Amino acid sequence: MRFVFGLMGSRGDVQPALAVALELRRRGHEVTVGVAPNLVPLAARLGLTPHAVGPDSGALLASSLVREEMRSVDPRTRVRAVREVSAHGWDDFRRDLVSLAGERGSADVVVAGLLGQEVGSALAERVGAGFAALHYFPVRSNRSVKVVPGPEAVQQKAWDLGMRMRWELTREAENAQRVALGLPPARTGLQTRLRDRGAVEVQAYDPLLVPGLRQEWGIQSPFAGFLALSEADRLRLGETAANGSSADDLGDWLAAGYPPVYVGFGSMPVADPARLVADVAAATEELGLRALVSSGWNSFEVDVPEHVRLVGAVDHAAVLPRCVAAVHHGGAGTTAAVLRAGIPSVVGWYSADQPVWGRLLGDLGVGTSFRAARLDRDRLRAALGEVLMPGVRERAAEVAKLLITPEVAVARAADALGRAR
């Protein structure tokens with residue numbers, strides 16, 4: 001079979017899907033991979049032959065549209081910004097994806113993530129291919145995952161409202177893409193159309209965190225588990241391995257004292273790196289802890305005290321098991337890595353699915369959460385004191401043993417994509 005992956009978004013949106021692409025290629029399928037331009041080097045280091053599709057996700061996250069307009073006190077400005085971000089770069093994404101998929105009959109399955117799935121689905125329709133989506137978070141209306149306080153009936157209404165709002169925000173842009181592809185405009189939201197079409201929507205997160213959802217949704221939304229690269233594939237990335245074999249001495253630093261608190265916000269924009277590092281340094285010093293701070297997609301050119309280590313991107317699977325807790329943004333990929341490491345979380349969330357992941361970790365008894373803008377020394381110290389209690393740490397270690405392994409998760413996702421239509 002020939003699979004065409006069209007992957008928009010940040011590293012957290014793209015890397016899990018690349019694990020599935022690699023598995024499909026190992027199985028002998030023909031796999032064509034398109035990723036955001038800034039992530040082409042990442043995919044290339046994994047041994048793929050990636051193509052640039054759509055906009056640069058790093059530039060978007062660093063733009064005033066995301067950093068300022070989406071956080072404006074004026075609700076009209078926020079709505080306008082959300083509408084623009086929701087369909088950002090779709091024209092380029094469509095054109096690039098058309099060049100990868102070719103003409104009718106040249107692709108068997110088109111695969112997309114949550115970002116850009118409207119374009120990916122339309123392209124699959126145009127070329128007569130199957131379509132599959134990889135979802136790292138529940139995005140369809142349901143009764144099992146709480147997004148607001150209240151009983152089940154309130155949850156259902158909240159989810160239904162969210163789906164209607166998504167359709168209203170993207171309807172005009174999606175139909176513009178459909179017309180450009182020679183398709184008629186859609187009259188209902190994508191989730192309804194995917195369900196009616198029988199498209200596969202792989203749930204790429206662990207059902208342990210969302211009890212009841214697998215039974216509620218059935219086989220069209222198969223649960224694979226959190227997706228992750230194999231150890232061999234991770235080593236290809238050339239990031240700090242923290243096993244003593246790296247060119248730097250991070251492995252030695254980790255072994256030289258009590259396991260540190262990991263702090264990293266991935267691709268999320270940190271407005272004031274100096275203040276964040278100062279707050280982390282003060283909170284951990286008062287608790288007698290060390291801190292490992294990863295700059296992610298930010299620039300952290302700040303001085304740090306002796307008990308703090310500042311690094312760039314690290315191999316989460318290698319580093320987090322050697323930490324005592326993690327402070328992070330609550331993205332699905334980082335959440336999965338922290339859970340698998342068997343350590344508790346302090347989630348400083350920004351937007352989208354992150355506050356819900358923070359709430360789910362709290363429900364599971366392995367973390368606490370609050371808005372990232374509220375993170376300061378006192379709140380961080382209190383949160384770390386809470387999650388480092390023996391009962392929370394023991395629960396985190398217990399949960400890690402119950403999760404679907406990365407190998408099984410990737411295999412299940414690849415199996416599901418093979419059934420796409």
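This text goes with the structure placed above it.
Residues numbered from 1 in each chain as written. Predicted model: local features only at pLDDT ≥ 70, side-chain atom pairs only at ≥ 80, totals over all residues. Heavy atoms only, no water.

J.: Teacher, can you tell me more about the packing of aromatic side chains here?
T.: When we look at a pair of aromatic rings, we describe it by the centre distance and by the angle of the planes. Overall, the coordinates contain six aromatic pairs when judged by the stated rule. With centroids separated by 5.6 Å and ring planes inclined at 70°, the aromatic side chains of Phe 137 and Trp 357 adopt a geometry described as edge-to-face. Here Phe 137 is found in the loop between strand 5 (130–135) and helix 8 (152–180), whereas its partner Trp 357 is found in helix 16 (residues 354–364), with 220 residues between them in sequence. You'll find Phe 137 and Trp 357 in the same group, each marked buried. Between Phe 265 and Tyr 350, the ring centres sit 6.2 Å apart and the planes meet at 70°, which makes this aromatic pair edge-to-face. (Phe/Tyr/Trp six-rings, centres within 6.5 Å; stacked < 30°, edge-to-face > 60°. Helix = DSSP H or I, 4+ residues; strand = E, 2+ residues; numbered from the N terminus. Buried < 20%, exposed > 50% of the residue type's maximum accessible area, 1.4 Å probe, protein only.)

J.: Any chance you could explain the sheet that holds strand 5 here in plain terms?
T.: What links the strands of a sheet is backbone hydrogen bonding, and the strands pair in either a parallel or an antiparallel sense. Reading across the sheet, the six strands line up as 3-2-1-4-5-6 and stay open at both edges, with parallel pairing between neighbours. The strands lining the two open edges of the sheet, one partner per strand, are strand 3 (51–52) and strand 6 (200–203). Across the sheet, helix 9 (residues 190–197) lies against strand 5 and strand 6, angled at about 125° from strand 5, the strand it touches most. (Pairing = 2+ DSSP bridges. Contact = heavy atoms within 4.5 Å. Axes fitted to C-alpha atoms, helices over the stretch in contact; angles between N-to-C directions.)

J.: Would you mind showing me how to read the packing of helix 5 (residues 75–86) against helix 8 here?
T.: Packed helices, taken two at a time, are described by their axes: the angle between them and the distance between them. Remark: helix 5 packs on helix 8, axes separated minimally by 9 Å, with the N-to-C direction vectors making an angle of 70°. One way to sum up the angle between helix 5 and helix 8 is to call them roughly perpendicular. By crossing handedness, the relation of helix 5 to helix 8 is classed as right-handed. Together, Val 79, Val 82, Arg 83 and Ser 86 of helix 5 and Arg 166, Glu 168, Leu 169 and Thr 170 of helix 8 make up the contact between the two elements. The residue makeup of the contact of helix 5 with helix 8, split by class, is three nonpolar, two polar and three charged. (Parallel < 35°, antiparallel > 145°, perpendicular 65-115°, else oblique. Left-handed = near helix turned anticlockwise from the far one by under 90°. Nonpolar A, V, L, I, M, F, W, Y, C, P; charged D, E, K, R; others polar.)

J.: What exactly am I supposed to notice about the packing of helix 8 against helix 9 here?
T.: Between helix 8 and helix 9, the shortest axis-to-axis distance is 9 Å and the interhelical angle comes to 75°. On the basis of their axis angle, the class for helix 8 and helix 9 is roughly perpendicular. Touching Met 163, Trp 167, Glu 174 and Arg 178 of helix 8 are Leu 190, Gln 191 and Arg 193, all from helix 9. Residues belonging to the contact of helix 8 with helix 9 are distributed by class as follows: three nonpolar, one polar and three charged.

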